[in-house]
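These are the residues of each chain, in order.
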Amino acid sequence: MANFQATDFNPWNPFCPTQRDLNRTEELAKKNTFVAGFLTAIFPLFGLIYLNRGVNFLKILGYVF
């Protein structure tokens, strides 16, 4: 992934890490990868909610429709 600078930030891009994501790196690293994968396999929104990234689902859904 490319290095993003403050001028490259687009709040509507679900793949661009936000400052909140960067601040929460350790919190996200402590999440159980098996649980996140299992929830995502059942229903992708559950995995995003477990990782507290549900707003990205709404951004992606907005792009699709």
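Below is a summary of the structure that appears in this document. (Residues numbered from 1 in each chain as written. Predicted model: local features only at pLDDT ≥ 70, side-chain atom pairs only at ≥ 80, totals over all residues. Heavy atoms only, no water.)

A tally of helices and strands in the protein chain yields five helices and zero strands. Counting across all 65 residues of the protein chain, residues that qualify as buried make up 12%. Counting only contacts in the protein chain whose residues sit at least 6 apart along the sequence, the fraction spanning at least 24 positions is 39%. Within the structure as shown, the protein chain displays about 5300 Å² of accessible surface, and the carbon and sulfur contribution to it stands at 66%. (Helix = DSSP H or I, 4+ residues; strand = E, 2+ residues; numbered from the N terminus. Buried < 20%, exposed > 50% of the residue type's maximum accessible area, 1.4 Å probe, protein only. Contact = heavy atoms within 4.5 Å. Areas by Shrake-Rupley, 256 points an atom, 1.4 Å probe, with all protein chains shown as cover.)

Let's shift gears to a nonpolar patch on the surface. Residues Phe-15, Val-55, Leu-58, Ile-60, Leu-61, Val-64 and Phe-65 make up a contiguous nonpolar surface patch of about 770 Å² in total accessible area. Tracing the sequence through the fold places Phe-15 in the segment before helix H1 (19–23). Note on Phe-15: relative accessible area 61%, which makes it exposed. (Patch = residues over 30% accessible without salt bridge, like charges linked within 9 Å, V, L, I, M, F, W, Y side chains within 5 Å. Salt bridge = Lys/Arg side-chain N within 4 Å of Asp/Glu carboxyl O.)

Enumeration according to the criterion identifies one salt bridge in this entry. Between Glu-27 and Arg-24 there is a salt bridge; the shortest N-O distance is 3.5 Å.

Mapped onto the elements, Phe-46 comes out in helix H4 (residues 44–50). Phe-46 sits 10 residues away from Ala-36 along the chain, and the two C-alpha atoms are 8.2 Å apart.

To continue, consider the packing of aromatic side chains. On inspection of all chains with the given rule, the structure shows two aromatic pairs. Above the ring of Tyr-50, the side-chain terminus of Lys-31 is found at 4.7 Å from the ring centroid. (Phe/Tyr/Trp six-rings, centres within 6.5 Å; stacked < 30°, edge-to-face > 60°. Lys NZ or Arg CZ within 6 Å of the ring centre and 35° of its normal.)

Below, the discussion takes up the environment of Glu-27. Its location among the elements puts Glu-27 in helix H2 (residues 25–29). Given the relative accessible area of 41%, Glu-27 is considered partly exposed. In this structure, the C-alpha to C-alpha distance between Glu-27 and Leu-51, residues 24 residues apart in sequence, is 9.3 Å.

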